[in-house]
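Spelled out from the first residue to the last, the chains are:
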Amino acid sequence: MWGGRFASGPDAIMTEINASIDVDRRLYAQDIAASKAHAAMLAKQGIISRDDGAKIAHGLDTILSEIESGRFRFKRALEDIHMNVEARLADLIGPAAGRLHTARSRNDQVATDFRLWVRDAIDAIDRGLAGYQRALAETALAHAATVMPGFTHLQTAQPVTFGHHLLAYVEMAARDRGRFADARKRLNENPLGSAALAGTSFRLDRTLTSRLLGFDRPTANSLDAVSDRDFVIETLAAASITAMHLSRFAEEIVIWCSPLAGLLRLSDRFTTGSSIMPQKRNPDAAELVRAKTGRIFAALQGLLVVMKGLPLAYQKDMQEDKESAMEALAALTLCIAAMTGMVRDMKPDVARMREAAGAGYATATDLADWLVRTLKMPFREAHHVTGRIVAAAEKAGVALEALPLAAMRAVEPRITRKVYDVLSPERSVRSRVTHGGTAPANVTRAAKAWLKRLGARR
């Protein structure tokens, strides 16, 4: 490729460290698409003949077919996907292949290819997240009134519904999709035509190649275009937040599946057994989602470290932008699919959830609110009175709703039998009617609204 300047070939170690074909071969479809657009533009502008443009396009189509059928031989000596494709093109069409690289550098070529690849990855992730949201919303609708404990500090706090809990993750996924959409919008500019760093003296039509490749516009600065990897970093940042959300839910699934909690069960499809303990059912899918989050975080941090000290423009360091990013986005795609599968597979133990929702005096706040509403008691005083009543129930070894009225009146004489109307978990969740609250009617409306928004038929 640069034989005119160099008198001898590279050392074997140099060849090994310099080659990227093992990674960037995954860009083959994007590389061929970008080359076809470039060739079509060159022909239209009269920079190459229409005949050569047609030969190049036909040869590239042949190469695409060879790669997809497994007949293409990738060669490490040719370093990367760009030179592998170009060398094979020369085999197929002869000297006309040498015209393809007119007004183009590997610098703008790889920047274009990788933007296209990341854009495709974002689109796939968005589809996966939409399916995950649908699974959550459908399950939430089915369990809009299923009472379970809500937690703070992993301690029983107040009753909520299982549907309400699942819809929290729908909201998180919506924000995740928004971040990916924002990243996609910013990356959707075309570096092709920036050449090595300074642009080119050929009269290119960069708007045409942008249109052919689905970009919104050409990049505005050639130096920035070939040295920018913000589009990968921003996508990995969105991926990291998404993975964190998935990991939080995976952690809850692991806890809920434990016999100590017993709130949930996964089938054989998403659990594994033990090689020594026949009774075991391990929530390994959830555990692996939780673990793969670290890989995704690491890819973001790794690329930030690669880029932090690079002067303009392109540096070979940037060759390290792909492998971890590709693996991270593949891991995220797999995690989304696994979480979607588990949501559709999970079976809540409704009776156990109801029992747990009533444990730990979870309706104590409802009692305090009743004292405020009915007895016009200041909330701080109501909080103190409720605490004393909870202590009495705990001493008696009964739930709040089972504590005799006389025991409550021993703490606050004005309490009436009406107080029992607010002390069951079911009544508690029904009372949470504020916008965004856990009342079953709210959850039903929210789940249906999400399913309509997501295009699910209900």
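Caption draft 1: A look at the side chain of Ser 194. Tracing the sequence through the fold places Ser 194 in the loop between strand 3 (189-190) and helix 8 (206-213). Overall, the relative accessible area of 2% leaves Ser 194 in the buried class. With residues up to four places along the chain from it excluded, the contact list for Ser 194 reads Asp 108, Gly 199, Arg 206, Thr 219, Ser 222, Ala 225 and Val 226.

Caption draft 2: Molecular detail of the packing of aromatic side chains. For the structure shown, the criterion picks out five aromatic pairs. Note on Phe 114 and Trp 117: the rings are 6.1 Å apart at their centroids and 35 degrees apart in plane angle, and the pair reads as tilted. Of this pair, Phe 114 and Trp 117 both sit in helix 6 (residues 106-142), three residues apart, which is roughly one turn of that helix. As far as burial versus exposure is concerned, Phe 114 and Trp 117 are alike and both buried. An aromatic cluster is present here, built from Phe 114, Trp 117 and Phe 231 joined pairwise through their rings. If you follow Arg 119 out to its NZ or CZ, it ends over the ring of Phe 215, 5.1 Å from the centre. Just above the ring of Phe 114 sits the side chain of Lys 322; from NZ or CZ to the centre is 5.6 Å.

Caption draft 3: Highlighting the pairing of strand 2 (residues 155-161). By the bridge criterion, five bridges tie strand 1 (residues 147-152) to strand 2 in an arrangement that is antiparallel. Counterpart to Met 148 in the pairing with strand 2 is Val 160. As consecutive antiparallel partners, strand 1 and strand 2 are separated by two residues, and within that stretch His 153 has a phi angle of approximately 60 degrees, a positive value.

Caption draft 4: Geometry of the side chain of His 143. As for its position among the elements, His 143 is in the loop between helix 6 and strand 1. On the accessibility criterion, His 143 (16% relative accessible area) is buried. Not counting residues within four places of it along the chain, the set of residues in contact with His 143 comprises Thr 161, Phe 162, Gly 163, Pro 348 and Val 350.

Caption draft 5: Quick look at helix 6. The end-to-end C-alpha distance of helix 6, which contains 37 residues, comes to 54 Å, matching closely the 54 Å that a straight helix rising 1.5 Å per residue would cover. Counting buried residues in helix 6 gives 28 out of 37 residues, a clear majority hidden from the surface. In this structure Ser 105 caps helix 6, since a side-chain oxygen of it lies 2.9 Å from the backbone nitrogen of Asn 107.

Caption draft 6: Representation of the pattern of salt bridges. Summed over all chains, the structure comprises 27 salt bridges. Between Asp 321 and Arg 229 there is a salt bridge, with its nearest N and O atoms 2.6 Å apart. Of the two residues, Asp 321 sits in the loop between helix 11 (284-307) and helix 12 (323-345) while Arg 229 sits in the loop between helix 9 (222-227) and helix 10 (230-257), which places them 92 residues apart along the sequence. Grouping residues by exposure puts Asp 321 and Arg 229 together as buried. For Glu 251, the salt bridge identified is with Arg 290, shortest N-O distance 2.5 Å. One end of the pair, Glu 251, is in helix 10; the other, Arg 290, is in helix 11, and 39 residues separate them in sequence. For Glu 251, a relative accessible area of 32% corresponds to the partly exposed category. Note on Arg 290: relative accessible area 31%, which makes it partly exposed.

Caption draft 7: Representation of a nonpolar patch on the surface within the structure. Residues Leu 197, Leu 223 and Leu 312 make up a contiguous nonpolar surface patch of roughly 270 Å² in combined accessible area. Along the chain, the position of Leu 197 falls in the loop between strand 3 and helix 8. Leu 197 sits in the partly exposed class, given a relative accessible area of 38%.

Caption draft 8: The arrangement of the environment of Gly 262 in detail. Counting through the fold element by element, Gly 262 comes out in the loop between helix 10 and strand 5 (264-265). Judged by its relative accessible area of 22%, Gly 262 falls in the partly exposed class. Each C-alpha atom, one on Gly 262 and one on Ala 356, is 9.5 Å from the other, the two residues being 94 residues apart in sequence. Contact partners of Gly 262, with chain neighbours within four places excluded, come to Trp 256, Asp 349 and Arg 352.

Scoring rules and cut-offs
- Residues numbered from 1 in each chain as written.
- Predicted model: local features only at pLDDT ≥ 70, side-chain atom pairs only at ≥ 80, totals over all residues.
- Heavy atoms only, no water.
- Helix = DSSP H or I, 4+ residues; strand = E, 2+ residues; numbered from the N terminus.
- Buried < 20%, exposed > 50% of the residue type's maximum accessible area, 1.4 Å probe, protein only.
- Contact = heavy atoms within 4.5 Å.
- Phe/Tyr/Trp six-rings, centres within 6.5 Å; stacked < 30°, edge-to-face > 60°.
- Lys NZ or Arg CZ within 6 Å of the ring centre and 35° of its normal.
- Pairing = 2+ DSSP bridges.
- Expected span 1.5 Å × (residues − 1).
- Polar contact = N/O pair within 3.5 Å; in protein donor to acceptor, adjacent residues only side chain to side chain.
- Salt bridge = Lys/Arg side-chain N within 4 Å of Asp/Glu carboxyl O.
- Patch = residues over 30% accessible without salt bridge, like charges linked within 9 Å, V, L, I, M, F, W, Y side chains within 5 Å.
- Areas by Shrake-Rupley, 256 points an atom, 1.4 Å probe, with all protein chains shown as cover.

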